[in-house]
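# Structural overview
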2 protein chains.
Amino acid sequence: MDNFTFYSPTYFVFGKGTENEAGHYVKRFGGTRVLLHYGGGSVIRSGLLDRVKASLEKEGLFWAELGGVQPNPRSGLVYKGIELCRKENIDFILAVGGGSTIDSSKAISIGTPYQGDFWDFYAGKAEAKTSLPVASVLTIAAAGSEGSDGSVITQENGMYKRGYGSELIRPVFAIMNPELTMTLPPYQTASGCTDIMAHVFERYFTNTRNVEITDRLCEGILKTIIKELPKVLENPNDYEARANIMWAGTLAHNDVCGVGREQDWASHNLEHELSALYDCAHGAGLAVMFPAWMTYVMRHDVNRFAQFAVRVWGCEMNFENPEETAKEGIARTRAFFHSIGMPTSFAELGAKEEDIPKLLETLQIEGRTEGFFMKLGPKECEAIYHLACRE
Amino acid sequence: MDNFTFYSPTYFVFGKGTENEAGHYVKRFGGTRVLLHYGGGSVIRSGLLDRVKASLEKEGLFWAELGGVQPNPRSGLVYKGIELCRKENIDFILAVGGGSTIDSSKAISIGTPYQGDFWDFYAGKAEAKTSLPVASVLTIAAAGSEGSDGSVITQENGMYKRGYGSELIRPVFAIMNPELTMTLPPYQTASGCTDIMAHVFERYFTNTRNVEITDRLCEGILKTIIKELPKVLENPNDYEARANIMWAGTLAHNDVCGVGREQDWASHNLEHELSALYDCAHGAGLAVMFPAWMTYVMRHDVNRFAQFAVRVWGCEMNFENPEETAKEGIARTRAFFHSIGMPTSFAELGAKEEDIPKLLETLQIEGRTEGFFMKLGPKECEAIYHLACRE
């Protein structure tokens, strides 16, 4: 196990009706002038935004509003948010929505007190030194942004999708009511769960030896999604299944199951180019990229893939030929994604094989590598994109 | 899943050599005048205390010392610590040791600024309103006190062992170097691991339905201990196994695997009377009490015990007779405790069946119940103590 530090100070408020406590917690964590940041119609139509506003009003808090966050959140709205925060002397940002809204809030949070262009952080040109506190009322189990120190934004000038991480943008609290996820369409629910599984995959496939405790946690999260998601697709109002998925989504990405081990993250970066170019759901892109990545890297550590097959998917170990077991685990992963309505090839996603040179260009892979489980140069990334074109 | 809040803001610093960063972290978390609190000879003999002092000195920090913490930490030393903290204007308490030292530090931390007797908190007569920050350099994987909000102290006046919990005493940081646990005698290592398993058992056996994610985390922690502990007993210097156990010990008790579900805690309370009366290791007492408790309550939910047997111990499910599977899981638990050198009966522990009335008296069980999985009145507690007398 590698040396590590682990720090997850977010205050999680989980369960039915908890959105009505938003104002209470904003106040408790020092907010007085709040930016309410959200996406589109659903939080308005469902009455959620009104309930959150009522709870702010009850505590006598001022708020300004900025809606319009899109999936794969854009730089343009971040600039608008920064301007609004400065104009209104905002001291607290409350995201009402999913990962996109939270990520956009995080960008605004470090961009507001910064003299330069907030994109400097995402382009790797500057480190954030200060921020406004961010919190969220979560509406989809997926990105894990409610408990993570990361944020991903798409720069509209060039459609580059880039991430930034800092303790400064880890949410101070997260309100998580599984009921709020009941109205999600099946495709979004499944796409969110794919993202959760992908966050675990990125940590699970590692070269670090002897990390039994984090292996077991990873497997537990995966098995939970595999068991609970079909229930939710069958009955969207299954509160218990929604609740298990929601807590699993947070633990998949606050790094409790990723500490002390090398992580990979190649598939996420390969996917980012897909969702930047085609504006597809991140989870859907991951469902396409992961089976391809697994197939390409499997021989690097057959035993780890066999462990994955046996422990996560309940495959029987083929002791005479572990590679068969490893392959079975990958086939089960792909079949599961299909069964939940996810695409698993470029064609199903609406991506085109002839765009691969374009994807490699925006990935900016020349002269460097992606991932750690296997380091992937330009040729390897290209091969994986081609594998992802196969059914 | 029940509504819950989860808050685990402790900063964990994990790995080789991390004790040398103690001073750095004390300073970072605002300490200037430190009480170094520890137990006996081992932290001195091993040179650990000197390394910690050197790191405090490097940061220019003042410190006072108070050694002498005993297993099952006593009220007497807490009173001494409070006096010393007041005299020396201490603003930070650094525990160098295991759960007993950390628990003693926590008691001093809330006792120092309190006008009354610190025992008021443990006797349920007062709530702490303020505290000195506490942190630890951990030397045994066991109690999980390094990341928990709880503390257990034995009142010497009557030998009552009582617990208190508050966010105010959750450690601000925990330094965890698995190397520091390599010199522990096998009995203490095994006793610590029994405590870790017991913390999971208290959460695992619940009446709350549909808590798959926390079930899976619990099972992962238990499987880790079951796999890693025998390696350590075989080779005390197995760093990787020590590391897996140490991180598992924290996760077993910071409540990440216990949220959203009713917990039990009867066995812990029944055990406290044993270690108060006989001054035995807490883990050893738990190894005696848990198989007895499991045997007594198993029929309350046979399926849950069958799940425990299948998922944790790898037993094959007897579909015609689930109770057989449930019993097998309990038998495997008892056999495991035996295999790691733990007692599993009163006689092996050095406890006496004729003391049961005395245990029930200090438990103060008249007119109330223990536990939640099954509520246990005086008769049930008595029956479980008698069961624990059997081999």
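What counts, and at which threshold
Residue positions are given per chain, counted from 1 along the sequence in the order it is written. Numbering of ligands from 1 and lettering of chains from A proceed in the order in which they are written. Given that the model is predicted, a residue must reach a pLDDT of at least 70 before its local features are reported, and side-chain atom pairs must reach 80 or more before they are shown or counted; all residues, however, enter totals for whole chains, interfaces and linings. Think of it this way: any DSSP run of H or I at least four residues long counts as a helix, any run of E at least two long counts as a strand, and we number them from the N terminus. Expected helix span is computed as 1.5 Å times (number of residues minus one). One fitted axis covers the seven residues ending at a residue, a second covers the seven starting there, and the bend at that residue is the angle between these axes. We call a residue exposed when 12 or fewer other C-beta atoms sit within 10 Å of its C-beta, buried when the count reaches 20 or more, and partly exposed for counts in between; the C-beta positions come from the backbone. Where a domain begins and ends is set by an automatic assignment or by a domain database. Residue pairs qualify as contacts under a 7 Å threshold applied to their C-beta atoms, which are placed from the backbone. The residue classification treats Ala, Val, Leu, Ile, Met, Phe, Trp, Tyr, Cys and Pro as nonpolar and Asp, Glu, Lys and Arg as charged. All others, Gly included, are polar. To form a nonpolar core, buried Ala, Val, Leu, Ile, Met, Phe, Trp, Tyr and Cys residues must be joined through C-beta atoms within 7 Å. By definition, two strands form a pair when at least two bridges between them are found by DSSP. Here the copies are superposed with least squares, the fitted atoms being C-alpha atoms of residues at a pLDDT of at least 70 in both. Note on definitions: angles span 0 to 180 degrees between N-to-C directions of axes, and those axes are lines fitted to C-alpha atoms, for helices only across the stretch in contact.

### Notes on the environment of Tyr187(A)
Following the sequence through the fold, Tyr187(A) ends up in helix H7 (residues 186-204). For the pair formed by Tyr187(A) and Leu233(A), sequence separation is 46 residues and the distance between their alpha carbons is 9.1 Å.

### Examining helix H8 (residues 212-234) of chain B
Residues and elements named next belong to chain B. Between its first and last C-alpha atoms H8 spans 34 Å; for 23 residues at 1.5 Å apiece the expected length is 33 Å, and the two agree. Maximal helix bending in H8 amounts to about 25 degrees, located at Glu228; proline Pro230 follows within four positions. Burial analysis of H8 places 17 of its 23 residues in the buried class, which makes it a mostly covered element.

### What about the domain arrangement of chain A?
Residues and elements named next belong to chain A. Domain boundaries in chain A define domain 1 (11-180) and domain 2 (186-387). Just the C-alpha atoms count here: the centres of domain 1 and domain 2 sit 27 Å apart. Listed by partner, the interface residues are 19 residues for domain 1 and 24 residues for domain 2. Listed by contribution, the elements that provide at least two residues to the side of domain 1 that touches domain 2 are strand E1 (4-14) and strand E7 (160-165). Within the side of domain 1 that touches domain 2, the residues separate by chemical class into 11 nonpolar, 5 polar and 3 charged.

### Observations concerning the nonpolar core
By size, the foremost hydrophobic cluster in this structure holds 252 residues, and its most contacted members are Leu94(A), Val96(A), Ile221(A), Leu94(B), Val96(B) and Ile221(B). Residue contacts for Ile221(B): discarding those within four places in its chain leaves Val200(B), Ala248(B), Leu251(B), Ala252(B) and Cys257(B).

### Considerations on the interface of chain A and chain B
Each partner contributes to the interface: chain A provides 33 residues, whereas chain B provides 33 residues. Secondary-structure elements contributing two or more residues to the side of chain A that touches chain B are E1, helix H8 (212-234) and helix H9 (239-251) of chain A. Considered class by class, the residues forming the side of chain A that touches chain B number 15 nonpolar, 10 polar and 8 charged. Inspection of the sheet shows E1(A) paired to strand E1 (residues 4-14) of chain B by 7 bridges, in the antiparallel sense. Directly across from Phe4(A), in E1(B), lies its bridge partner Phe14(B).

### Details of the pairing of strand E6 (residues 150-155) of chain B
Residues and elements named next belong to chain B. Across 6 bridges, E6 lies against strand E7 (residues 160-165) in antiparallel orientation. The partner of Thr154 across the bridge, within E7, is Lys161. The antiparallel pairing of E6 with E7 creates a hairpin that spans 4 residues between the two strands, and Gly158 there sits at a positive phi of about 115 degrees.

### Things to note about the relation of the copies chain A and chain B
Superposing chain A onto chain B takes a rotation of 180 degrees combined with a translation of 0.0 Å along the rotation axis, leaving an RMSD of 0.0 Å. Accordingly, the operation relating the two chain copies is best matched by a two-fold axis. Nearest to the rotation axis, the C-alpha of Pro9(A) is located 1.9 Å from it, this being the minimum over chain A. Counting the interface residues of chain A, we find that 100% of their copies in chain B are interface residues as well, pointing to one common contact surface.

### With respect to helix H13 (residues 322-339) of chain A
All names here are of chain A. In this model, H13 (18 residues) spans 26 Å end to end at C-alpha, consistent with the 26 Å of a helix rising 1.5 Å per residue. Among the residues of H13, those classed as buried are Thr325, Ala326, Lys327, Glu328, Gly329, Ile330, Thr333, Arg334, Phe336 and Phe337. Where H13 is buried, its residues meet H7, H8, helix H11 (282-297) and helix H12 (302-313).

### Focus on the environment of Ala143(B)
Residues and elements named next belong to chain B. Following the sequence through the fold, Ala143 ends up in the loop between strand E5 (134-138) and E6. C-beta crowding within 10 Å serves as the criterion here: with 27 such atoms nearby, Ala143 is assigned to the buried category. Measuring from C-alpha to C-alpha, the distance between Ala143 and Tyr114 comes to 26 Å, with 29 residues separating the pair along the chain. Sequence-distant contacts of Ala143, that is, excluding residues within four places in its chain, are made with Gly98, Gly99 and Asp195.

### Brief notes about the sheet that holds strand E3 (residues 62-66) of chain A
The mixed open sheet is built from 12 strands, whose spatial order is E3(A)-E2(A)-E4(A)-E5(A)-E8(A)-E1(A)-E1(B)-E8(B)-E5(B)-E4(B)-E2(B)-E3(B). For this open sheet the edge positions go to E3 of chain A together with strand E3 (62-66) of chain B, each flanked by a neighbour on one side alone. For this sheet the average axis-to-axis angle between neighbouring strands, irrespective of direction, equals 25 degrees. Sheet topology note: the E1(A)/strand E8 (residues 173-176) of chain A ladder contains 4 bridges and is parallel. In the sheet register, Phe14(A) faces E8(A), and the bridge partner there is Met176(A). The sheet contacts of helix H5 (residues 99-111) of chain A involve strand E2 (33-38), strand E4 (92-97) and strand E5 (134-138) of chain A, and relative to E4(A) the element is tilted by about 165 degrees.

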